Structures are given as structure tokens and as C-alpha cells.
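# Fold and geometry: a report
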Amino acid sequence: MKKILFVASECVPFIKTGGLADVVGSLPQKFNREFYDVRVMIPMYSCIPLDLQKKFSFIDHFYLSLSDWVKDKYVGVFKTVLNGITYYLIDNQEYFTCDHPYGDVKRDIERFAFFDKAVLSCLPIIDFKPDVIHCNDWQTGLIPVYLKEQFQAGDFFRDMKTLITIHNLKFQGTWNVEYVRAITGLSDDVFTDHKLKFYKDGNLLKGGLVYSDYITTVSQTYAQEIQTKEYGEGLDGLLYSRRLDTQGIVNGIDPDYFDPSKDASLEVNYSWDDFRVQKPKNKKSLQKELGLELQPKKYLIGIVSRLTDQKGMDLICAAIDDMMDEHTQFVVVGTGERKFEEALLYHASRFPGQMSVHIGYSEKLSQRVYAGVDALLMPSLFEPCGLAQLIALRYGTIPIVRETGGLKDTVIPFNQYEHSGIGFSFQHYSLEDMLGSIYYSREVFLHQKREWNHMVERGMKTDYSWDKSKNKYEEIYYYLT
Ligand code: ADP
Ligand code: GLC
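Here is what the cut-offs are and how they apply
- Residues numbered from 1 in each chain as written.
- Chains lettered and ligands numbered in written order.
- Predicted model: local features only at pLDDT ≥ 70, side-chain atom pairs only at ≥ 80, totals over all residues.
- Heavy atoms only, no water.
- Near = heavy atom within 4 Å.
- Polar contact = N/O pair within 3.5 Å; in protein donor to acceptor, adjacent residues only side chain to side chain.
- Areas by Shrake-Rupley, 256 points an atom, 1.4 Å probe, with all protein chains shown as cover.
- Helix = DSSP H or I, 4+ residues; strand = E, 2+ residues; numbered from the N terminus.
- Nonpolar A, V, L, I, M, F, W, Y, C, P; charged D, E, K, R; others polar.
- Buried < 20%, exposed > 50% of the residue type's maximum accessible area, 1.4 Å probe, protein only.
- Pairing = 2+ DSSP bridges.
- Right-handed = clockwise from strand over helix to strand, strands pointing away.
- Contact = heavy atoms within 4.5 Å.
- Salt bridge = Lys/Arg side-chain N within 4 Å of Asp/Glu carboxyl O.
- Axes fitted to C-alpha atoms, helices over the stretch in contact; angles between N-to-C directions.
- Parallel < 35°, antiparallel > 145°, perpendicular 65-115°, else oblique.
- Left-handed = near helix turned anticlockwise from the far one by under 90°.

## As for the site of ligand 1
- The environment of ligand 1 is formed by 22 residues, the closest being Gly 19, Asp 22, Arg 306, Lys 311 and Tyr 370.
- Take Ser 362: an N or O atom from its main chain is 3.1 Å from a nitrogen atom of ligand 1.
- Out of a free accessible area of 560 Å², ligand 1 has 93% covered by protein chains.
- In terms of residue count, the dominant contributor to the shell around ligand 1 is strand E13 (residues 299-307) (three residues).
- Taken together, the residues that form the shell around ligand 1 break down as eight nonpolar, nine polar and five charged.

## So, the pairing of strand E16 (residues 375-378)
- Residues Ala 375 and Leu 377 line one face of E16 and the alternating positions Leu 376 and Met 378 line the opposite face, and both faces are buried.
- The pairing of E13 with E16 spans two bridges and is parallel. Looking at E16, one finds that Ile 301 is bridged to Ala 375.
- Of the pairings in the sheet, the one linking E16 to strand E17 (residues 398-402) comprises four bridges and is parallel in character. Across the sheet, residue Leu 377 finds its bridge partner in E17, namely Ile 400.
- On the question of chirality, the crossover connecting E16 to the parallel E17 by way of helix H14 (residues 388-394) is right-handed.

## A closer look at the side chain of Ser 469
- Its location among the elements puts Ser 469 in helix H18 (residues 467-480).
- Only 2.6 Å separates the side chain of Ser 469 from the backbone oxygen of Val 250, close enough to count as a polar contact.
- In this structure, Ser 469 is in contact with Ile 249 and Val 250, ignoring residues within four places of it in sequence.

## Here we look at the site of ligand 2
- Near ligand 2 there are 14 residues, and of these His 167, Asn 251, Glu 383, Cys 385 and Gly 386 occur at the shortest range.
- One of the side-chain nitrogen or oxygen atoms of His 167 is found 2.6 Å away from an oxygen atom of ligand 2.
- For ligand 2, an oxygen atom lies 2.5 Å from a polar atom in the side chain of Glu 383.
- Protein coverage of the free-state accessible area of ligand 2, which is 310 Å², stands at 93%.

## Here we look at the pattern of salt bridges
- By the definition in use, this model includes 22 salt bridges.
- We note a salt bridge from Asp 321 to Arg 350, for which the minimum N-O separation is 3.0 Å. Of this pair, Asp 321 sits in helix H11 (residues 313-323) while Arg 350 sits in helix H12 (residues 338-350); the two residues are 29 residues apart in sequence, bridging distant segments of the chain.
- Using a relative accessible area of 48% as the deciding quantity, one classes Asp 321 as partly exposed.
- Since its relative accessible area comes to 32%, Arg 350 is described here as partly exposed.
- One salt-bridge network, held together by shared partners, links Asp 259, Lys 262 and Arg 394.

## Considerations on the packing of helix H4 (residues 105-126) against helix H6 (residues 177-184)
- At a minimum axis separation of 10 Å, H4 and H6 run at an interaxial angle of 30°. Overall, the two elements H4 and H6 adopt an arrangement that is roughly parallel. As for the relative orientation of H4 and H6, their crossing is right-handed in sense. Seen from H4, the contacting residues are Lys 106, Arg 107, Ile 109, Glu 110 and Ala 113; seen from H6, they are Tyr 179, Ile 183 and Thr 184.
- Class assignment for the residues of the contact of H4 with H6 results in four nonpolar, one polar and three charged.

Have a look at this one:
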């Protein structure tokens, strides 16, 4: 039996700000339980829904010091079992009382440094000795560092291996070296250019990438891209040097959770054999809900996204006047940078009945959007994997994406001569290219409806489950141990 500990800062159903939570919520469920004992550890944020918090049971507590600055901090360990998976939660009210899991980076570095050391420290107490600790993103970057620098001398930790998955290289957890050193209590020789030092900063993700035994990221294309200057966020050299220990493994989604034939938040359920009749009913009720004209034939484009540079929001804002013709409607559900929220609301006010913007995070509304719109627009500047396009495809919605990262690997472009493909894509991050793709997709939607519907059917029948990718993780766990 292999023992795997997943550690992350988000996990569905407890806490979610993006795709990381979907991955950590679904992947651990997929391993064969005869051979894998996979458990998950996250911080016990106060903003976890109360009905879930009620299910947590207290295991033990202890006190933990990182340095002279971070001393004698309380660590509570809680646990709950959901769908047969054990979840551990690390409690400390000073650090994890919050409305949102992330805030100011400087403070977050202290919160997650504490979390990372608490994760390792509690393992003997909960008597779980993982063969592999599977870390995710910068918030867990210090786990491989603490393990090798401070824990591995002890018998309990000697054979433990670490794997770190990069979900987004943009966020690295950096602050000046003196601060990171004072918080973490790591010795001076850890803060060299070959280890945690990054220009004048201490960089927690870099620590994870240098110290972990293996690195994965969430698509093959992104694994290549991050070894280049354009996408490497300053770490391309390091990632290139570790390329033999790096693999891109595309994410899956949970087909039972994202299932239009069962989803209770939809007006009407449907699947690939009746979407032609049923999906339009969801479109109509979405138009009604959002105050759009009840026009079944209009081309309804949607976005469900964080409203940030990564997601191509500047292109979208610049494209609205050219995009919005008399055949088109547009809906946006998202939260993010204030400037994008305001710009989108302003544009919506100029196109009443035609464009609707909902600033906020709502799972139910987002699911009705995936089901109700005809196409989902995702013109990302970069995209490690992207789950929104996979969810869209599952709901019979055609993705229009930029060919980058996981978008390139998952959306095969429509080919009208071969009657193949499941979406539309464009290469360059430019207004012209994006509009070209939108116009082409609209042409197909309005004038080649049979082609469109065949494409929807192909998309809905494609397998986005974890089946193949989970085998690749198993191979890595096997290789490491
Ligand atoms: P990222 O993790 O970079 O934000 P992904 O496409 O991988 O992008 O995952 C985003 C996830 O968050 C998807 O499950 C998407 O449906 C969800 N999501 C994003 N914004 C919202 C929102 N405003 N309301 C509900 N769900 C959202
Ligand atoms: C990150 C990336 C996104 C990816 C998700 C899950 O948030 O931005 O592309 O799908 O992590 O791996």
C-alpha cells in the first residue's frame, strides 16, 4: 500500500478560489484504494462553510516554533472523512481566521510557512507516514525545504519523497530575503541563488522546485512553455535545468460532479443524446434570469472566470464593441481586479438586454451559465491547464480559446472539411486574432447549425475524466519510491 499525502491551500468542497481546489478535491478520490492510501491536508480557515466545520473532529494539539519571530504557535489538528478520503485540517486562529484564503503576500508567507512546518510536524502525531508528500503551488513550497533541512535526519522522515505540482507559476510567494529568513528560521545557506534566493527576495515556490524530488505541472504545453523566458516568470532557467524531473500531466474534471444530466441547479437536465432539444431551455431560462432578451437564435457567449490579466480580460474589454452585433449576447460571471469589474459593468450598461455582468462567486449561477450559453470565451494570456473549458465541453458549450498551455492541449480546433474538432482557437494574443475566432464561430453557429451540433456532440462525448492522468501520477509515485 502506497501512502500519499496531498497538501494544498484549497480543496473542494471546503474552500475554493479557482481550479486548484477542483483538482485537490477530485484527483485524490480517483486512485485505486486497494493500493493507495491518499489523504489530504489543508488549513482550517474560518471561512470554510459551517455545515462542513461541524463534521471536523479534533485529534490533538501542540506548539510549534519556526524562528525567533514565529514562536510557540498553537497547532490544532482536526480530521474528517468524506467519500472515503481522510482530510486533515490545520488549525490556528491567528493565521486562518479570514474571509478569503489569501490576502497580503507578506502576511501569507508567514501563514503558509507556519502551515508547511505544521504539516510535517503533525505527521508523527497523527501516525501517518506518507511515502510521497504531494505539494501544490507556492503555499506548500517550504514543505520539501523543511523536510530536507530540518526533518529528514529523523527516522520517521528519512525515506519520505516530495513531488510539487505547479498550477500557476505566476504566484511564487516572494518577499525580501531578510524577512523570509526571519520568518522561516531556515539557515543562511538556504538563501543562495541556487536555492531560495531570487534576486533580492526569498522565493517559496523556488524552494519547492529546488528541493522537491519531482515536479509536475498541469499540461504538457505549459511544462514546455515555463522553460522559456516568455512564460518562465524568472524561473525558466531553473525549470530547464530540472526538465528531466518534470512532467506535464493534464488535469481532469470530476464527470459526476459536472454532469448536465444530474446537475440540480439547471432548469432542465440533458446529455449528448438530447441536448438539441433540452439545452435551449436552459439558454432561455438563463436569458430570463440575467435580463437578456429572450431570443433563442442569438449567439450567446459566456465567461466564467477570475477577472485578471491571466484570463485575457484586457483583450475582452477592448473587443466588446466589435463583438456585440445584433446577433450576439454576452454574459460574464466572475470576480477579480477592480479595474476589470468596473470596465465590464460599464460595458454591460451600454448594452442593456444584450450583455449581462455578474460580479461575484456563485457555483450555481456558473453552472447555469455553462449549460445555458452557446460558447465559452477563454482568451488567456497564459493558462497552465484551465478547467472552465473542460466544464463547458461537458455541458455542450463550445470553447473559444487562445492556443496556450492546457487550452492548446484540450481544445482540438474545428475543421469544417474533416468535420472534426470541439472548439475554436487562435494563436496570437491579439484583438484581431481573437475577433477572427469569435466571428468564425458565430458564422458556424448561425449558418451551419448541423456542423455546430455535431461539434457539441463530439465535445460532450470526449473523456475529460482523471482516468489517464491519474495513471501518470501513479507512475511518478511508483518511480519516486
Ligand atoms: P483558475 O484556476 O486559473 O481560476 P480554471 O479554469 O482552472 O482557472 O478553474 C476555475 C474554476 O473556478 C472553475 O471551476 C470555474 O468554474 C470556477 N470559477 C471561476 N470563477 C467563478 C465564479 N465567479 N463563480 C463560480 N465559479 C467560478
Ligand atoms: C491554476 C491555473 C489553471 C489550472 C488550475 C488547476 O489556477 O490558473 O490553469 O487549471 O490551477 O490546475
